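# Close look at the chain arrangement
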Amino acid sequence: MRILLADDQSTLPSTLRLWLDLLPGFTLVGVVAEVALLAEGVRLWHPDLLLFDWQLSGLVDSPARQRLLHQLRTIQPNLRIVALTTEPISGQCALIHHVDAFVSKSEPPDALALVLRRFHHVGPEYP
Amino acid sequence: MRRLAAWFPTRYRVTSAQPTLRFLLVITFSGVALALVALLSLIVGQISARQLEQDARQSLTLLAAEMAERMAHELTERYSEIVLIATTDLALRTPGLSLISKGVVLEKLQELHPDYIWIGLMDPAGTVLVATDNQLVGLSVADRIWFQAGREAPFLGDVREGVLLAQALATKVNRQDQLRLVDFAAPVVSDDGQLLGVLAAHLDWQWARRLEQQVLRPVLPASDVEIFVTDQAGSALLTPADWQGALLDPTTLDLAQGTGTLVDVWPDQRRYVTSFATISARGPLANLQWLILARQPLRTAYAPAWQTQWQIFRIGALFAALFALVAWWLANRITHQLVTLTHAAEAIRQGQGHAIPILAGTAEVATLSTSLNQLIADLTTATESERNRIARELHDSVTQTLFSTSMLADVLPKIWESDSVLGRTKLEELRLAVRGALAEMRTLLLELRPAAIADADLHQLIRQLADATTGRTGITVTWRIEGEVQLAPDHKVVIYRTLQEALNNIVKHAEATTARLLLRLQRDAIALIIADDGHGFTPDHVTGDHFGLRMMRERIQASGGDLRIESNPDEGTILYAEWPARR
């Protein structure tokens, strides 16, 4: 499963890559640290799943986020989006925005692993 | 007021030392009312007392003058009567007429004026020929002054003691007091001018007592008004019955005025309103130098004033009590809504309430309740904003770092097994990240308590910022402080904020791998230099909406310093912040 990381934390990509190495079937294909480059990254790497930092720098407000996610689904219709967030309220918002799942960064990485495995077994939602 | 409030039940106090507004209002209103009443009654009492003193002076002056006038009038009448009878009565002027006929004249005269205690007709040698009640008949009065004067001309004598007559009249006049007499005498002369005898009469001094009673009759007994008759040497001629004491010294009076009044202390040490009048020394009264004194105790004269004053005070006190009740009702009405607001505010403070009720009793209370409500809403919003900001800071820093380090800790054992060199590298990354997270936490704690920045050690602050940046971003931050100058707290805060903003800019925009900080503390200047190896930028192209950079510059300039930026694309950036030394 091809994963694209959209997060502006500089130390996360290398760690995530090593971490994903321990999860069979997952590959980190790309990293995007800015909103402006995200659509281009999706076009370039054709990820199956997007790990999307809910507070990614460059997102001005909620409608902007909604537009961005709609655009990404247009580019990659079978793209699964997992929101990474720190606040429960943001998680609820993620559901409203029709993301596939959200994972709190305050939780242990096992929570993320659980979500990723679930999507890996289920397969693409939009064949 | 606090001491006073301590005597009242605690429900009238906010704390043991603070009286409630309601209590203060009631005490103030009733206190002021009572004070005004007391003042009013005092003023009225004083005004009344002055008026009464004037009235007493006038009425006593009138009394004294009336007494003097009556005495003068009656003495003159008696004198004229004796003269008229002596010069015109045929029975007395006819030598051959019997003594019985002459005695009838005398008896009639005494009957007409009972105040004559004795009337007699003497022959020219001084032997009493005939007299009322046949007293002293046959005795010689030739040596009496009144007889000797009466032989020559009509005579009115001063009051004197009647010793001889008292003995003769002992059976008729049964009195405890001394017999005093006023003598009248007139020669009885025939038509040819021959002296036939002397007509004399002794007026009993009780006559003066009768006049005194007549004069005092209209005066209320409770007024304690008394009348004295003295000679001008101060000897008492007529005093109130049963009176004992000393008289006022006449020299204190301005007798030349004839009448007068004064308030003075008498020998009994009491203060009296005293008026005086003298007998008009004219005609037959020329020999008389009598002084009439009318006095009234000042306390009695003022009594109506004090009574009025006390009545006003009692009525006023009643009104003050009523006023206190009204004040109590009014205070309750005024403070009711304030108390409601106070309780609501107190409940919010204790975490048991969320809003202030909007009250519409009065404009002020409505404004107050609305303002308080808005204030609390603003405070709540501000608190929530601050919490959100801190939460965002946590997300941007500590949570992100911990998420990453947690992931790294998960994979580190496997990495170590397969590649120990990579394992060591990742362990170092983990160490730096944890260290950075700790620094981030300390930085956040400083943000929660900004005043602590001024108290913190500058070395620690810079280390904290550097570690946090490295831990969060992996950018290597080196730093150095040169020199030792004690910085003012506000200057320290400015340097901290400048560093913080500069590192944030490097992380967000520079894409740098290293950053170097140098703080030069010299006596003549303070310099802060921040350099990075990022992609740089053209300072002239920085737009005005670059809020962080603008704030940094304004903060430095407000503290008396200056900011200079050197940067070019692909050549990194150097910030120079400089301050002149503070004296």
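Scroll up to find the structure this text is about.
This report concerns the structure included in the present document. This is a predicted model, so every value here is computed, not measured. Per chain, residues are indexed from 1 in the order of the written sequence. To label them, take the chains in the order written and letter them from A, then take the ligands in the order written and number them from 1. Since the coordinates come from a predicted model, pLDDT governs what is reported: local features require at least 70, and pairs of side-chain atoms require 80 or more to be given and counted, while whole-chain, interface and lining totals use all residues. Excluded from the side-chain calculation are hydrogens and water; included are all heavy atoms of the structure.

## Here's the deal with the sheet that holds strand 11 (residues 290–297) of chain B
All names here are of chain B. What counts is decided by this rule: When DSSP finds two or more bridges between a pair of strands, those strands are recorded as paired. The secondary structure listing takes helices from DSSP runs of H or I that are at least 4 residues long and strands from runs of E that are at least 2 residues long, numbered from the N terminus. In this analysis, axes come from line fits to C-alpha atoms, helices being fitted only over the stretch in contact, and the angle between any two N-to-C directions falls in the range 0 to 180 degrees. Any two residues whose heavy atoms approach within 4.5 Å at even a single point are treated as in contact.
Here we have five strands laid out as an open sheet, ordered 8-7-11-10-9, and antiparallel in their pairing. Since the sheet does not close on itself, it has two edges, and those belong to strand 8 (236–238) and strand 9 (259–265), each with one partner. Taking each pair of neighbouring strands and ignoring which way they run, the sheet shows an average axis angle of 30°. Bridging between strand 9 and strand 10 (residues 271–278) involves seven bridges; their strand directions are antiparallel. When the bridges of strand 10 are listed, Thr-259 appears paired with Ala-277. Packing against the sheet, helix 8 (residues 298–349) makes contact with strand 9, strand 10 and strand 11, and its axis sits at approximately 45° to strand 11.

## Focus: the packing of helix 2 (residues 21–88) of chain B against helix 8 of chain B
The relative placement of two packed helices comes down to the angle between their axes together with the axis-to-axis distance. Residue and element names in this part refer to chain B. Stated formally: Our angle categories are set so that under 35 degrees counts as roughly parallel, over 145 as roughly antiparallel, 65 to 115 as roughly perpendicular, and the remainder as oblique. Left-handed describes a crossing in which the near helix is turned anticlockwise from the far one by less than a right angle; the clockwise case is right-handed.
Taken N-terminus to C-terminus, the directions of helix 2 and helix 8 make an angle of 165°; their axes are 7 Å apart at the nearest point. When the axes of helix 2 and helix 8 are compared, the pair comes out roughly antiparallel. By crossing handedness, the relation of helix 2 to helix 8 is classed as right-handed.

## Describing the interface of chain B and chain A
Rules: Using a 1.4 Å probe, buried area is obtained as the accessible area two parts lose upon being combined, added over both of them. Here, a salt bridge means any Lys or Arg side-chain nitrogen found within 4 Å of an Asp or Glu carboxyl oxygen. Pairing of N or O atoms within 3.5 Å defines a polar contact, subject to two protein rules: one partner must be a possible hydrogen donor and the other a possible acceptor, and residues neighboring in sequence count only if both atoms are side-chain atoms. The classification used treats Ala, Val, Leu, Ile, Met, Phe, Trp, Tyr, Cys and Pro as nonpolar, Asp, Glu, Lys and Arg as charged, and all other residues, Gly among them, as polar.
The interface is formed by 21 residues belonging to chain B together with 21 residues belonging to chain A. Carbon and sulfur atoms supply 65% of the area that chain B and chain A bury against each other, a total of about 1900 Å² over both sides. At the junction of chain B with chain A, the criterion picks out zero salt bridges. At the junction of chain B with chain A, the criterion picks out one residue pair in polar contact (both at pLDDT 80 or more). Secondary structure elements with two or more residues in the side of chain B that touches chain A: helix 9 (363–418), helix 10 (420–448) and helix 12 (458–473) of chain B. Looking at the side of chain B that touches chain A, the element that brings in the most residues is helix 9 of chain B, giving 14 residues. Looking at the side of chain B that touches chain A residue by residue, the class counts come to six nonpolar, nine polar and six charged.

## Regarding the sheet that holds strand 3 (residues 49–53) of chain A
Residues and elements named next belong to chain A. With parallel pairing, the five strands of this open sheet are ordered in space as 2-1-3-4-5. Sheet topology places strand 2 (27–32) and strand 5 (101–104) at the edges, where each strand pairs with a single neighbour. Neighbour-to-neighbour, the strand axes of the sheet open up by a mean angle of 25°, direction not taken into account. Sheet topology places strand 1 (residues 2–6) next to strand 2; five bridges connect them, and they run parallel. Within strand 2, the residue paired with Arg-2 across the bridge is Thr-27.

## Here's the deal with a nonpolar patch on the surface
Residue and element names in this part refer to chain B. Quick note on the threshold: Each patch is assembled from residues with relative accessible area greater than 30% and no salt bridge, linking like charges that lie within 9 Å and nonpolar side chains (Val, Leu, Ile, Met, Phe, Trp, Tyr) that lie within 5 Å. All accessible-area figures derive from a Shrake-Rupley calculation using a 1.4 Å probe, and residue coverage is judged against the displayed protein chains alone.
A contiguous nonpolar patch, built from Phe-29, Phe-323, Val-326, Trp-329, Leu-330 and Ile-334 and spanning about 550 Å² of accessible area, is present on the exposed surface. Among the elements that line the nonpolar patch, the one with the most residues is helix 8, at five residues. Inspection of the secondary structure puts Phe-323 in helix 8.

## Thoughts on helix 10 of chain B
Worth spelling out the cut-off: Working rule for helices: expected span equals 1.5 Å times residues minus one.
Look at helix 10 of chain B: 41 Å from first C-alpha to last across 29 residues, which is about the 42 Å you get at 1.5 Å a residue. With a side-chain oxygen lying 3.1 Å from the backbone nitrogen of Val-421 of chain B, the N-terminal cap of helix 10 of chain B falls on Asp-419 of chain B.

## Some words on the packing of aromatic side chains
Residue and element names in this part refer to chain B. Counted only if it meets this: In this scheme Phe, Tyr and Trp rings, the latter by its six-membered ring, pair at centre separations within 6.5 Å, and the angle between planes marks the pair as stacked below 30 degrees, edge-to-face above 60, and tilted otherwise. When accessible area is computed with a 1.4 Å probe and restricted to protein chains, residues below 20% of their type maximum are described as buried, those above 50% as exposed, and intermediate ones as partly exposed.
Summed over all chains, the structure comprises 10 aromatic pairs over all chains. Taking 5.0 Å as the distance between ring centres and 80° as the angle between the ring planes, the aromatic pair formed by Trp-205 and Trp-290 counts as edge-to-face. One end of the pair, Trp-205, is in the loop between strand 6 (195–204) and helix 7 (206–216); the other, Trp-290, is in strand 11, with 85 residues separating them in the sequence. A relative accessible area of 0% means that Trp-290 is categorised as buried. On the numbers, 5.4 Å between centres and 40° between planes, the contact of Phe-228 with Trp-266 is tilted. Within this pair, whereas Phe-228 is found in strand 7 (residues 226–231), its partner Trp-266 is found in the loop between strand 9 and strand 10, the two being separated by 38 residues in sequence. Overall, the relative accessible area of 0% leaves Phe-228 in the buried class.

## Side note on the pattern of salt bridges
A side chain of one charge can pair with a side chain of the opposite charge if their charged atoms are brought near each other. Residue and element names in this part refer to chain B. Throughout the structure, instances matching the rule amount to 25 salt bridges over all chains. For Glu-77, the salt bridge identified is with Arg-78, shortest N-O distance 3.5 Å. With relative accessibility at 37%, the residue Glu-77 sits in the partly exposed group. Ionic pairing is found between Glu-429 and Lys-426, a salt bridge with its closest N-O pair at 3.3 Å. Linking Glu-429 with Lys-426, this pair stays in helix 10, spanning three residues, or about one helical turn. For Lys-426, a relative accessible area of 6% puts it in the buried group. In this structure, a network of salt bridges that share partners links the residues Glu-74, Glu-77, Arg-78, Glu-81, Asp-115 and Arg-210.

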